[in-house]
Amino acid sequence: MTRLIGQRAIASLLSLMGLMILVFFLSRLTGDPAVLFLPIDATEQMKQQFRALHGLDAPLIEQFGRYVWDLVHLDFGESLRKARPAIDVVLEAYAWTLPLALITMGLVVVAAIVLGALAAFNIGGFFDRLVSVVSLIGASAPDFWIAIVAIVVFSLNLAWLPTSGVGTPMHWVLPVAVLFVRPFGLIVQVVRGSMLSALTAPYVKTARAKGVKNGPIIFIHTLRNAMLPVITVIGDQAAALLNGAVVVETIFGFPGIGKLMIDSILQRDFNVVLAAIMVTAIAIFLMNILIDIAYSLLDPRIRH
Amino acid sequence: MADALLEVRNLSVDFHTAHGTVHAVRKVGWSVNRGETLAILGESGSGKSVSASAVMNLLDMPPARIVSGEILFEGRDLLKTSAEERRALNGKRIAMIFQDPLGHLNPVYSVGWQIVEMMTAHGRPADAARARALELIARVGLPEPERAMHKYPHQFSGGQRQRLMIAMALMLKPDILIADEPTTALDVTIQAEVLALLKELQAETGMGLVLITHDLGVVAEIADRVVVMSDGEIVEAGTAGDVYHRPHHPYTRKLIGAAPGKGEIRRPDDSSPVLLEIKDLCKTYGHVPALKNVSLALHKGQSLAVVGESGSGKSTLARTVLRLETADSGEALWKGKDLIAMNARDLLSVRRQIQMVFQDPTQSLNPRMSVYQIISEGWDIHRLVPDRAARRKRVAELLEQVGLLPEHAQRYPHQFSGGQRQRIAIARALALEPELIICDEAVSALDVSIQAQVIALLDSLRRRLGISFLFIAHDLGVVRDFADTVVVMKSGEIVESGPTGEIFEDPQQPYTQRLLAANLDPDPDVQAQRRLSASAPA
């Protein structure tokens, strides 16, 4: 297993390097920050000064060399907007996004597995149909619409929850609830389908012939086998959340990485964009390694 | 019979499917007592497993529905008992083992955990269960029980897995063990070991054994009484000896008549020229030798059988002759020309002359092609029979030759039974007018009565068309009936070879002797005699 994880880590590192190169050149294609940052009537001399200050006047290849050198030292430079180290700005925002993603995904996984498994066991029954309909709606409703409706209902009409911002635990309720809907709908369907085929497996027959109760048959014998395809989808959905939920964070004024990234791109704050991409990429690579570990823990045929 | 421990009375089960209702079993009745072995004998689709599944409450309802009947266990009707009470009986009083132990063991839990669960599921403490599991794993003959406990199903061989299933079933000392085709997936020598183990354990524990099987040999070896099922009904019941020697029902007679290994042994005629000569063929996969210096000769119009257990290299030999695998060294001379060194153009024409029929016709026939397309496809590849009308005529002829009808040409494989599909596969092979047909376990998956028909068909093709056969099989009865010469393989090497009569009547090598001894005779008296002489001091 250690070898498997080692191989994955090396592959991740290589992809990270590819990403570094790609990001640098692509971001240089989006426009000149000097034009965007300085007032519209700035003189050419002011622009030159600005470029010199931020090292934007050197040949591209030299800029790239310096960029790689700095990255190796984990130095992403200053944020043009905030005049602070870009990495600090990014980590600050990530400290909001990470708990948001983890709380949401944790709730999604528990709810989807329990409800999906029970629906599969009661196939065709009322509970199964209820879960199927609800999950289908969840998987297809656009999140910005749910977010706005939720604000109208729970914040404006009922006045139970704050509309936006952070500060109290109550501020977390709506963002988590809105982000929960789509991955829950999707994963519940995958769990249900995967459980359905696992429940017809011969080893379930053996368990029934042994006199094992329904509870352990569902949650011990079948679920662990059914989880293998589910984990892939969980990883995929978790990656989307780790990237920052741009729309939801913007609507709720949530100072996470998604909102930071979109703001920085709009204002050509290259250093922040770079740092944000690198940090989220590392987070996603780490999560993929966790998924691989989960796989090999669940399935001994991978381990041995 | 009133005081039988387990009795099924008048049981009828329907299955409701999209194509209407199927009466899976009708008014079936049987009983079994402690210390007794009952065999339920039947071919595929006879409903032989349904009543046992009903006993264990394993039928999926729907689609199944129990229409009538009683299942009495200690006089109490299980069909009127609550699901919870029936669950408590499963495993504890009545246990079950299955045909495919790999599929029936959970792949993601250690075997120790699964065996221990048999007791913990019924409320016994885990440490007592562990001790009992270790004891039973040793009892069923697995080395190093401690280590075996921590391993997973895929780390054992098929025979070992079935032993573990048996250990699991015996954890709570059940009164009755139901075994559904427990040895069908195993090699003959392993089958003999597992059956012997079941008998020993039965003698030790006094449990009743219900054995579901399609194999008359298994019945002869182990059963006291037998019920014969056909088309959902019991057509015959009695002691194993009575049913074999004095069958009343025509179906039973047909089944016994179809059992292979009773025909006259053929004496090969070596005057015909040698068609295929293999010299010192070697093939290694990584470090594992699959073929070691294999040499044999096949004469025109003869059938040469290659027998051996799984992993002996039989199929690798066939694949190497067809150049589907590349040999490491050695020669395979086809009419004097070396196939191994042959160029692509010559190889194509030789491939027309050598055709292959595989074990599983369901998988080897493309489900989206009609029978006409399947049979005529080879003509496109080899640019033969260009005229459409001629093609249609030839396909019709071929279908008649293999015992099907010309109008079957427009149908698709799923519309045929397993035996008919194998006939289609044979017609496809014949379409190219081959001189050699390689049959890789071509009749192994078929029911005995169908098997006998297919063998008769192949034999008539050999006689009428002079086709030679390289016949790969593990069933010695079929080989005895069909082969002129036999080659016995073990771990990639030829152990013994010679005319069929010599191999079967006077085997020289201990391995061949073991293989023949493990091959079960359908006659219970013969099996009893063999057991007697085996247990007598040498």
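Computed from a prediction, not measured in an experiment: that's the story for all the values here. (Residues numbered from 1 in each chain as written. Chains lettered and ligands numbered in written order. Predicted model: local features only at pLDDT ≥ 70, side-chain atom pairs only at ≥ 80, totals over all residues.)

**Concerning the interface of chain B and chain A**
Stage number 1. Opposite the 24 residues of chain B that make contact, chain A presents 18 residues.
Stage number 2. Every element with two or more residues in the side of chain B that touches chain A is listed here: helix H2 (83–89), strand E6 (94–97), helix H3 (101–104) and helix H4 (111–120) of chain B. (Contact = placed C-beta atoms within 7 Å. Helix = DSSP H or I, 4+ residues; strand = E, 2+ residues; numbered from the N terminus.)

**Topic: the sheet that holds strand E12 (residues 288–299) of chain B**
Residue and element names in this part refer to chain B.
Stage number 1. If you trace the four strands from one edge of the open sheet to the other, you get E12-E11-E14-E15, paired in antiparallel fashion. If you trace the sheet from one side to the other, it starts and ends with E12 and strand E15 (337–338), each paired once.
Stage number 2. Where strand E11 (residues 274–285) meets E12, eight bridges bridge the pair, whose relative direction is antiparallel. By the bridge assignment, Tyr 285 is partnered in E12 with Val 288.
Stage number 3. Against the sheet, helix H12 (residues 314–321) engages E11, E12 and strand E14 (329–334), with an angle of about 65 degrees to E12. (Pairing = 2+ DSSP bridges. Axes fitted to C-alpha atoms, helices over the stretch in contact; angles between N-to-C directions.)

**Points about the nonpolar core**
Stage number 1. One finds Val 90 of chain A together with Ala 305 and Phe 471 of chain B to be the most contacted residues of the largest nonpolar core, which totals 229 residues.
Stage number 2. Broken down by element, this core gets its largest block of residues, 19 residues, from helix H5 (residues 86–121) of chain A.
Stage number 3. Contacts of Phe 471 of chain B, omitting those with residues within four sequence positions, involve Ser 303, Leu 304, Ala 305, Cys 439, Val 479, Phe 482 and Ala 483 of chain B. (Core = buried A, V, L, I, M, F, W, Y, C linked by C-beta atoms within 7 Å. Buried ≥ 20, exposed ≤ 12 C-beta atoms within 10 Å, placed from the backbone.)

**Comments concerning helix H12 (residues 257–266) of chain A**
Residue and element names in this part refer to chain A.
Stage number 1. Along H12, the residues that are buried comprise Ile 257, Gly 258, Lys 259, Leu 260, Met 261 and Ser 264.
Stage number 2. Elements in contact with the buried residues of H12: H5, helix H11 (246–251) and helix H13 (270–298).
Stage number 3. In the segment just after H12, Arg 268 is the residue with positive phi, at about 55 degrees.

**A closer look at the packing of H5 of chain A against H13 of chain A**
All names here are of chain A.
Stage number 1. Contact geometry for H5 and H13: axes closest at 8 Å, N-to-C directions at 50 degrees. It follows that H5 is oblique to H13 by the angle criterion. As for how H5 packs across H13, the hand of that crossing is right-handed. On H13, the residues touching Ala 86, Ile 87, Val 89, Val 90 and Tyr 94 of H5 are Asn 271, Val 272, Ala 275, Ala 276 and Val 279.
Stage number 2. Among the residues making up the contact of H5 with H13, the classes are represented as nine nonpolar, one polar and no charged. (Parallel < 35°, antiparallel > 145°, perpendicular 65-115°, else oblique. Left-handed = near helix turned anticlockwise from the far one by under 90°. Nonpolar A, V, L, I, M, F, W, Y, C, P; charged D, E, K, R; others polar.)

**Describing the UniProt feature "domain: ABC transporter" (unreviewed entry) in chain B**
All names here are of chain B.
Stage number 1. Sites flagged by UniProt as "domain: ABC transporter" (unreviewed entry) map to residues 8–256 and 276–516.
Stage number 2. Here residues 8–256 runs as 39% helix and 28% strand, with 26 Å between its end C-alpha atoms.
Stage number 3. The distance from the first to the last C-alpha atom of residues 276–516 is 27 Å, and the span holds 41% helix and 26% strand. (UniProt positions renumbered as here; feature names shortened; annotations may be inferred.)

**So, the pairing of strand E3 (residues 37–42) of chain B**
Residue and element names in this part refer to chain B.
Stage number 1. The buried fraction of E3 is high, at six of six residues.
Stage number 2. Judged by which residues are buried, E3 turns out to be covered on both faces: Thr 37, Ala 39 and Leu 41 on one side and Leu 38, Ile 40 and Gly 42 on the other are all buried.
Stage number 3. By the bridge criterion, five bridges tie E3 to strand E8 (residues 208–213) in an arrangement that is parallel. Residue pairing for E8: Ala 39 is matched across the bridge by Leu 211.
Stage number 4. Where E3 and strand E9 (residues 225–230) come together, five bridges link them in parallel fashion. For Leu 41, the partnering residue across the bridge sits in E9 and is Val 228.

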